[in-house]
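Chains, contacts and geometry: an overview
Below, each chain spelled out in residue letters.
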Amino acid sequence: MVKTASYGTWTSPITTDVVLKTGAKVDELFVDPITSTIYHIEQRPSEGGRLVIVDTEKGQDVVGKDWNVRSAVHEYGGAPAVAYDGVIYFSNFTDNRVYRLEKGTEPEAVTPENPNYRYAKFAVHPKYTHLLVAIREDHTNPHPSAVVNILCLINTKEKTVSPLVTGADFYSTPCFTPDGIHIAWQQWYHPDMPWEGAEVHVAEVKADDSTLALTNAKHVAGKRIEVSAGYPVWASNDLLLFVSDESGYYNPWTYSISSDKASPVLSQPLEEDFAEPFWRLGYNFGVPLDLEGKMALYTAVREGRSVLYLLSLRGGTLEELECPYVSIASVQRVTYEAVVFQGRKYDESERVVLCNIKEYAKPKFSAVDVKASAEELPFARAYISVPRAITLQVPETGEPVHVLFYPPTNPDFVAPEGEKPPAVISAHGGPTSRAVPAMHLMIQYYTSRGFAWIEVNYGGSSGFGRKYIKRLEGKWGIVDVQDCAVAAQQLSSPPHSLIDAQRIAITGRSAGGYTVLMALCSYPDVFAAGTSSFGISDLVKLGEFTHKFESQYLFKLAGGTPEEVPQVYKERSPVNKADKIKAPLLVLQGSVDAVVPPNQAEAIVSNIKQRGGRVEYIVFDGEGHGWRKEENIRTALEKELGFYEEVFGLRK
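Not measured: the values here are computed from a predicted model.

The next subject is the pattern of salt bridges. Under the criterion given, the structure shown has 38 salt bridges. The shortest N-O distance in the salt bridge between Glu 108 and Lys 159 comes to 2.7 Å. Taken together, the positions of Glu 108 in strand E9 (residues 108–109) and Lys 159 in the loop between strand E12 (148–155) and strand E13 (160–165) put the pair 51 residues apart, joining distant regions of the chain. Residue classification places Lys 159 among the partly exposed positions, given a relative accessible area of 34%. Three or more residues joined by partner-sharing salt bridges are found here, namely Glu 42, Arg 44, Glu 47, Arg 50, Asp 61 and Lys 65.

Let's shift gears to the layout of surface pockets. Space left empty within the atom packing is revealed by a probe, the size of a water molecule, rolled over the atoms. By volume, the second largest pocket amounts to about 1,100 Å³. Contributing to the lining of the second largest pocket are 39 residues, with Val 31, Pro 33, Cys 175, Val 233 and Gln 332 lying nearest its centre. Every element with two or more residues in the lining of the second largest pocket is listed here: strand E2 (26–31), strand E6 (81–84), strand E10 (117–124), strand E14 (170–176), strand E18 (229–234), strand E22 (286–288) and strand E26 (327–335). Of the residues assigned to the lining of the second largest pocket, the class counts are 28 nonpolar, eight polar and three charged.

The buried fraction of E14 is high, at seven of seven residues. As paired elements, E14 and strand E15 (residues 182–188) share five bridges and run antiparallel to each other. Its bridge partner being in E15, Ser 172 is matched across the sheet by Gln 186.

Time to look at the environment of Thr 35. Secondary-structure assignment places Thr 35 in the loop between E2 and strand E3 (38–44). The class for Thr 35 is partly exposed, based on a relative accessible area of 38%. C-alpha separation for the pair Thr 35 and Tyr 84, spaced 49 residues apart in sequence, amounts to 7.8 Å. Residues within four places of Thr 35 in sequence aside, it is in contact with Asp 85 and Gly 86. Within the structure, the side chain of Thr 35 is placed 2.8 Å from the side chain of Thr 37, a separation counted as a polar contact.

Applying the stated criterion across every chain, the model contains five cavities of 30 Å³ or more. In this structure, the largest cavity spans a volume of roughly 130 Å³. Taken together, 17 residues make up the lining of the largest cavity; nearest its centre are Trp 476, Ile 536, Leu 542, Glu 550 and Tyr 553. Elements that contribute at least two residues to the lining of the largest cavity include exactly helix H8 (539–545) and helix H9 (553–558). In terms of residue count, the dominant contributor to the lining of the largest cavity is H9 (three residues). Per-class residue counts for the lining of the largest cavity are eleven nonpolar, five polar and one charged. Within this model, the second largest cavity holds a volume of roughly 100 Å³. As for the second largest cavity, its lining consists of 15 residues, and the residues nearest its centre are Tyr 250, Asp 273, Ala 275, Gly 465 and Ile 469. Here the lining of the second largest cavity is built from residues that sort into seven nonpolar, four polar and four charged.

What follows is about helix H6 (residues 479–491). Note: α-helices contain 3.6 residues per turn, so residues at a spacing of three or four share the same orientation. Over its 13 residues, H6 runs 18 Å from end to end, which matches the ideal 18 Å to within 8%, given 1.5 Å per residue. Burial runs high along H6: eleven of the 13 residues are buried. Within H6, burial applies to Val 479, Asp 480, Val 481, Gln 482, Asp 483, Cys 484, Ala 485, Val 486, Ala 487, Ala 488 and Leu 491. In this fold, the buried residues of H6 make contact with strand E30 (388–393), strand E31 (400–406), strand E33 (423–427), strand E34 (452–457), strand E35 (504–509) and helix H7 (511–522).

Turning our attention to the environment of Asp 525. Within the secondary structure, Asp 525 is located in the loop between H7 and strand E36 (529–533). Using a relative accessible area of 64% as the deciding quantity, one classes Asp 525 as exposed. Spatially, the C-alpha atoms of Asp 525 and Ala 501 are 9.8 Å apart, while their sequence positions differ by 24 residues.

Each value, and the rule that gives it
Sequence positions are assigned chain by chain, starting from 1 and proceeding in written order. With the structure being a predicted model, the display of local features is reserved for residues of pLDDT at least 70 and the display and counting of side-chain atom pairs for 80 or more, all residues being used for whole-chain, interface and lining totals. By convention in this description, side-chain values take in all heavy atoms of the structure and omit both hydrogens and water. We count a salt bridge whenever a side-chain nitrogen from Lys or Arg sits within 4 Å of a carboxyl oxygen from Asp or Glu. Strands are runs of DSSP state E lasting at least 2 residues, helices are runs of H or I lasting at least 4, and numbering of each runs from the N terminus. Between buried and exposed lies partly exposed: a residue is buried under 20% and exposed over 50% of the maximum accessible area for its type, with that area taken using a 1.4 Å probe on protein chains only. Using protein atoms alone on a 1 Å grid, points that fit a 1.4 Å probe yet trap it form a cavity, whereas open point sets bounded by protein on both sides within 12 Å along at least five of seven lines form a pocket; residues with an atom within 4 Å of a point count as lining. Grid points are joined across faces, edges and corners, and a volume is the space filled by probe spheres set on the points. In this count, Pro and Cys sit with the nonpolar residues alongside Ala, Val, Leu, Ile, Met, Phe, Trp and Tyr, while Asp, Glu, Lys and Arg are called charged and the others, Gly among them, polar. A pair of strands is considered paired only if DSSP assigns at least 2 bridges between the two. For this analysis, residues touch if any pair of their heavy atoms sits within 4.5 Å. Two N or O atoms form a polar contact when they lie within 3.5 Å of each other; inside protein one atom must be a possible hydrogen donor and the other a possible acceptor, and for residues adjacent in sequence the pair counts only when both atoms belong to side chains. Here the expected length of a helix is defined as 1.5 Å per residue gap, with one fewer gap than residues.

So, to be careful, I would describe these as geometric facts and stop short of saying anything about function.
Right, dumping it as structure tokens:
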């Protein structure tokens with residue numbers, strides 16, 4: 001029997017335990033190109049947050065309980081492992097060494113002992129398979145300006161490491177041609193982030209059993225500040241496949257060694273992004289299929305959701321494949337007619353999905369992960385809130401604001417007639433990132449209790465082209481904040497009238513936490529509560545203390561350095577405007593966060609407390625930029641919901 005109860009007070013089968021235990025906690029995928037074995041890196045919150053390599057089809061751990069397969073290159077990490085012909089190489093987070101693992105043996109260290117060196121993104125030479133090329137990030141001097149990134153050569157027989165390519169500020173994605181005669185890689189320089197001005201380079205490889213050298217290196221695509229080229233992968237011994245945003249959107253390009261020419265694959269650029277910003281080294285969105293330079297498969301973003309394309313590299317044509325997954329990530333080649341990816345639907349937890357395209361018109365999708373495919377949601381699908389994409393407009397400029405609206409959904413309850421639900425506005429991190437319209441159990445945790453949830457893809461978000469990203473350039477703390485306020489104001493008033501204007505909270509993590517704090521300062525009458533998780537409160541301090549990868553990101557977002565535009569840094573630092581915060585604030589912080597250090601949280605908390613404002617502060621000991629341990633994920637989730645229930649008077 002359906003009960004009548006106020007929004008926000010509904011009882012839900014989506015408990016904290018369900019959120020913690022349901023769905024694959026897959027970090028990324030990788031595939032052995034020789035054996036076609038599929039592996040994934042799995043998060044284990046119940047084991048202290050360590051990462052584990054799992055044979056995906058067998059559902060078996062490949063490493064024992066003493067190993068944490070994780071890299072901290074760029075702090076965000078990714079790509080900590082590679083497989084080639086049955087041998088796995090991986091980075092171990094505990095000591096930062098690289099290990100070699102063959103079935104039936106214990107992992108063996110292949111790099112010298114030096115905890116200051118971090119390794120990731122390994123490429124195995126196809127002939128001399130004991131020679132690896134990888135990123136090495138040197139933290140001997142830990143100051144961000146002194147950290148050194150190079151491409152290095154690891155000789156796993158001799159257990160030596162030597163520099164291979166140096167000079168740029170950052171490197172990534174080394175990859176060999178199938179014959180091992182050429183290599184490609186991506187590199188970029190400050191002040192660019194990789195999605196702003198990265199380059200693709202190609203060189204000849206001279207290798208023998210003991211060493212490897214590069215000659216005739218060429219810069220083939222991308223331009224500092226202006227054009228981002230990245231995600232290189234060889235489609236044949238002659239043809240390199242990559243993406244470039246020269247048209248304003250990331251589109252597929254190729255470079256041919258024989259003709260020494262780079263060109264777009266499509267005859268006319270498509271206003272869809274065929275890649276996402278390169279925040280983590282394991283990201284991948286397209287792969288060649290046949291290795292003869294004929295066909296490739298890509299995912300792209302259209303109207304905020306993923307679409308799947310078959311791409312003819314010779315004909316320059318696209319064929320959209322029918323696909324039920326609205327979010328697709330970590331695309332990896334398995335065979336000439338199959339790929340694997342992380343796929344999410346509106347109403348299904350994330351799966352590791354094998355896509356077989358033997359018949360192009362009717363691709364077949366099957367879950368690979370044994371555990372996930374056998375695991376049904378422990379509640380009926382009727383409890384799932386399906387998002388609605390809504391495009392709003394900034395009144396003053398007419399610029400679009402893209403939002404995803406998740407309505408309160410619970411088959412056991414209806415609200416009293418005329419009542420509007422309390423809402424949580426969510427500002428994603430990055431800020432050059434985006435919210436995706438896929439099922440996220442944390443969102444369902446709220447919507448099944450009678451809250452509305454709104455994800456705001458504010459100006460500066462990815463997935464809508466370079467121009468939309470650049471809306472935030474010089475205007476961080478203004479455009480993102482304004483767009484969140486626009487979402488709150490317009491969705492709570494006609495013609496939408498979807499939420500209660502008096503009960504709107506705002507939440508965000510990292511850069512999203514900064515947006516929360518600035519929104520509470522700038523629009524004190526719009527938001528009734530806020531939660532900042534490891535959010536930034538002082539832009540000057542962020543510039544002084546953040547890590548190398550993002551150390552100059554801020555200068556573009558703020559429109560200059562603290563010396564060049566001191567007033568901007570002062571005005572856009574919430575710590576200097578905390579007296580304007582009227583709403584109760586919850587602050588969550590990791591004690592060892594190197595991206596947004598704890599002093600950022602402490603500054604705003606202290607300021608609010610001194611003037612008698614309401615603020616609650618929780619520090620998670622041993623956590624970095626985000627929560628990895630089960631007990632902390634639980635506490636953060638329950639504390640935030642309880643905070644809103646209390647502020648909105650929903651507790652019985």
